[in-house]
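Understanding the architecture of this molecule
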Amino acid sequence: MIPNLNLVPFVSVDHMMKLVLHIGVERFLTELSAYVEEDFRRWERFDKTPRVASHSAEGVIELMPTSDGRTYGFKYVNGHPKNTREGRQTVTAFGVLADVGTGYPMLMTEMTILTALRTAATSAVAAKHLAPKDASCMAIIGNGAQAEFQAMAFKALLGIRKLRLYDIDPAATRKCMRNLSDQGFEIAACGSTEEAVEGAQIITTVTADKQYATILTDNMVGAGVHINAVGGDCPGKTELHRDILLRSDIFVEYPPQTRIEGEIQQLAPDHPVTELWTVMTGQATGRRDARQITLFDSVGFATEDFSALRYVRDKVAGTGFYETLDMLADPDEPRDLFGMILRAAKPAPVDEAA
Ligand SMILES: NC(=O)c1ccc[n+]([C@@H]2O[C@H](COP(=O)([O-])OP(=O)(O)OC[C@H]3O[C@@H](n4cnc5c(N)ncnc54)[C@H](O)[C@@H]3O)[C@@H](O)[C@H]2O)c1
């Protein structure tokens, strides 16, 4: 008999923080990036579907499933830009990894922190293939929850040391500078997006606003720049002026999802885009020349969460960085589910010694 079939390893927020600190943020991002890239390289093995989104006036709740035939994963995630005004996160998430052979969950974990890490890792993996090779300076427009993770991933994978920060809320920029002050960056707080993008070879936009926003206008984007557009990830929620898209070579995760959610929702449904996985496998070219504008139109795809779930499963194995949840009913005889409830109603044995 297999013991403890009822128990599923669970990584709480507390354990995730301890795991990240134990491994180290940069090493975590570097190792996670390798898992993300490994799964992009075996793209054709995955079940793929645009995520299942439930939209409301305030935000969106989404389910993001995928499977490689052996393992299945899904993430629950929301996006509610107004939440921060009420002391809540814009994005929260949790996820499950399961065994395809039995259908039994093998891991459940918080994914609010993990999403920030996997989004940053994916951005950096894309930039490794698309950004100018000599890039040293990145502008980050939007200095909220995701911002420091983006900075750390670009430092770990591309050696970015100079940051130029801008947020409409100066308190967010101050928070970001404070958090990154001991991480080996040279940081400039800027008074506008125009100022922030000056001299940056990479521009990351990671703002939250439930509208067609224009964070970057065409005149702000010079030749040769790589744009990492993270914040536009819902129908009716974009960050870049359409003219920038028309000047850029656009790279996406999964076109059927990005056409609904990404910056390219502003373009014709057949506007040419390159799938990131084809660049990683050498079937398509990433950056061709020094004057080309490359754009990673990031929306976040299920395989990236699958990679993150796999990574966490591998890292917590044999450690104390998880607890177990009594999550799966496990009667002595599998068909006696009802009997298991009845047996639970029996009075507890009397303790004679008491
Ligand atoms: N592509 C992905 O895979 C992915 C993953 C996670 C989050 N996201 C998206 O990234 C965005 C940011 O997420 P977060 O968790 O950091 O949100 P957040 O609310 O913590 O931070 C967003 C920041 O953007 C700033 N901002 C809003 N409008 C701005 C503007 N016009 N100019 C400059 N700054 C502006 C806000 O003041 C805030 O500090 C969200 O839209 C979220 O949906 C995308």
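Residues numbered from 1 in each chain as written. Predicted model: local features only at pLDDT ≥ 70, side-chain atom pairs only at ≥ 80, totals over all residues. Heavy atoms only, no water.

**So, the overall build of the chain**
Of the regular secondary structure elements, the chain holds 11 helices and 17 strands. Its C-alpha atoms give the chain a radius of gyration of 22 Å, near enough to 20 Å, the size a compact globule of 354 residues would have. Considered along the principal axes of its C-alpha atoms, the chain spans approximately 80 × 45 × 40 Å. Contacts spanning at least 24 positions in sequence make up 72% of the contacts within the chain whose residues lie at least 6 apart. Once the 36 positive and 47 negative side-chain charges of the chain are each reduced to a mean point, those two points are 3 Å apart. (Helix = DSSP H or I, 4+ residues; strand = E, 2+ residues; numbered from the N terminus. Rg over C-alpha atoms; globule rule 2.2 N^0.38 Å. Contact = heavy atoms within 4.5 Å. Lys, Arg positive; Asp, Glu negative; His and termini not counted. Charge placed at Lys NZ, Arg CZ, Asp CG, Glu CD.)

**Digging into the pairing of strand β3 (residues 60-67)**
In summary, the side chains of a regular strand alternate between the two faces of the sheet. The element β3 is largely enclosed, with a buried count of six among its eight residues. With four bridges connecting them, strand β2 (residues 52-55) and β3 associate as antiparallel partners. Within β3, the position partnered with Val52 by the bridge is Leu63. The turn joining β2 and β3, which pair antiparallel and follow one another in sequence, is formed by four residues. Relative to strand β4 (residues 71-79), β3 runs antiparallel, the two being bridged by eight bridges. Looking at the pairing, Ser67 lines up with Tyr72 of β4. Connecting β3 to the next strand, β4, in antiparallel fashion are three residues, including Gly69 with a positive phi near 95°. (Buried < 20%, exposed > 50% of the residue type's maximum accessible area, 1.4 Å probe, protein only. Pairing = 2+ DSSP bridges.)

**What to know about the state of the cysteines**
What the rule picks out here adds up to zero disulfides. Cysteine Cys190 is unpaired, with the sulfur of Cys137 as its nearest cysteine sulfur at 8.6 Å. On the basis of relative accessibility, which here comes to 10%, the residue Cys190 falls in the buried class. (Disulfide = S-S within 2.5 Å.)

**Observations concerning the sheet that holds strand β1 (residues 7-11)**
Read from one edge of the open sheet, seven strands run β2-β3-β4-β5-β6-β1-β17, paired in mixed fashion. A strand with exactly one partner marks an edge of an open sheet, and here the two such strands are β2 and β17 (323-326). Recorded for the sheet is a direction-independent mean angle of 20° between the axes of neighbouring strands. Lying on the sheet, helix α3 (residues 112-130) is in contact with β3, β4, β5 (93-99) and β6 (105-110); it crosses β6 at an angle near 90°. (Axes fitted to C-alpha atoms, helices over the stretch in contact; angles between N-to-C directions.)

**Some remarks on a nonpolar patch on the surface**
A grouping of Phe338, Ile341 and Leu342 is seen on the molecular surface, where their side chains present a nonpolar patch of about 350 Å² in accessible area. With respect to the element layout, Phe338 can be found in helix α11 (residues 337-344). Accessibility expressed as a relative area gives 60% for Phe338, which makes it exposed. (Patch = residues over 30% accessible without salt bridge, like charges linked within 9 Å, V, L, I, M, F, W, Y side chains within 5 Å. Areas by Shrake-Rupley, 256 points an atom, 1.4 Å probe, with all protein chains shown as cover. Salt bridge = Lys/Arg side-chain N within 4 Å of Asp/Glu carboxyl O.)

**Observations concerning helix α4 (residues 147-158)**
Its 12 residues place the ends of α4 16 Å apart at the C-alpha level, agreeing with the 16 Å of an ideal helix rising 1.5 Å per residue. Counting buried residues in α4 gives nine out of 12 residues, a clear majority hidden from the surface. Gly159 sits one or two positions beyond α4 and adopts a positive phi of about 75°. (Expected span 1.5 Å × (residues − 1).)

**Let's talk about the site of the ligand**
Around the ligand there are 26 residues in total, and Thr90, Asp167, Asp233, Lys237 and Ser298 lie nearest to it. Lys237 places a side-chain nitrogen or oxygen 2.7 Å from an oxygen atom of the ligand. In this structure, an oxygen atom belonging to the ligand sits 3.5 Å away from a main-chain N or O atom of Val299. Burial of the ligand by the protein amounts to 89% of the accessible area it has alone, namely 860 Å². Of the residues that constitute the shell around the ligand, the class distribution is 11 nonpolar, 10 polar and five charged. Lining the shell around the ligand are residues from two domains, each supplying at least three of them: domain 1 (7-113 + 304-331) and domain 2 (122-300). (Near = heavy atom within 4 Å. Polar contact = N/O pair within 3.5 Å; in protein donor to acceptor, adjacent residues only side chain to side chain. Nonpolar A, V, L, I, M, F, W, Y, C, P; charged D, E, K, R; others polar. Domains from an automatic or database assignment.)

**A few points about the packing of α3 against α4**
Helix-helix packing is described using two parameters, namely the angle between the two axes and the distance between the axes. For the pair α3 and α4, the least separation of the axes is 8 Å and the interaxial angle reads 40°. Taken together, the axes of α3 and α4 lie oblique to each other. As α3 runs across α4, the sense of the crossing is right-handed. Facing α3, whose interface residues are Ala116, Leu117, Thr119, Ala120, Ala121, Ser123, Ala124, Val125, Ala127 and Lys128, α4 presents Phe149, Gln150, Ala153, Phe154, Leu157 and Leu158. Within the contact of α3 with α4, the residues separate by chemical class into 12 nonpolar, three polar and one charged. (Parallel < 35°, antiparallel > 145°, perpendicular 65-115°, else oblique. Left-handed = near helix turned anticlockwise from the far one by under 90°.)

**Topic: the sheet that holds strand β14 (residues 248-252)**
The strand order β9-β8-β7-β10-β12-β16-β14-β15 describes an open sheet built from eight strands, whose pairing is parallel. Of all strands in the sheet, those with a lone pairing partner are β9 (186-189) and β15 (274-275), marking the two edges. With four bridges joining them, strand β10 (residues 202-205) and strand β12 (residues 226-229) adopt parallel strand pairing. Each residue of the ladder has a partner; that of Thr204, found in β12, is Asn228. Packing of α3 onto the sheet brings it into contact with β12, β14 and β16 (293-297), and relative to β16 it is tilted by some 155°.

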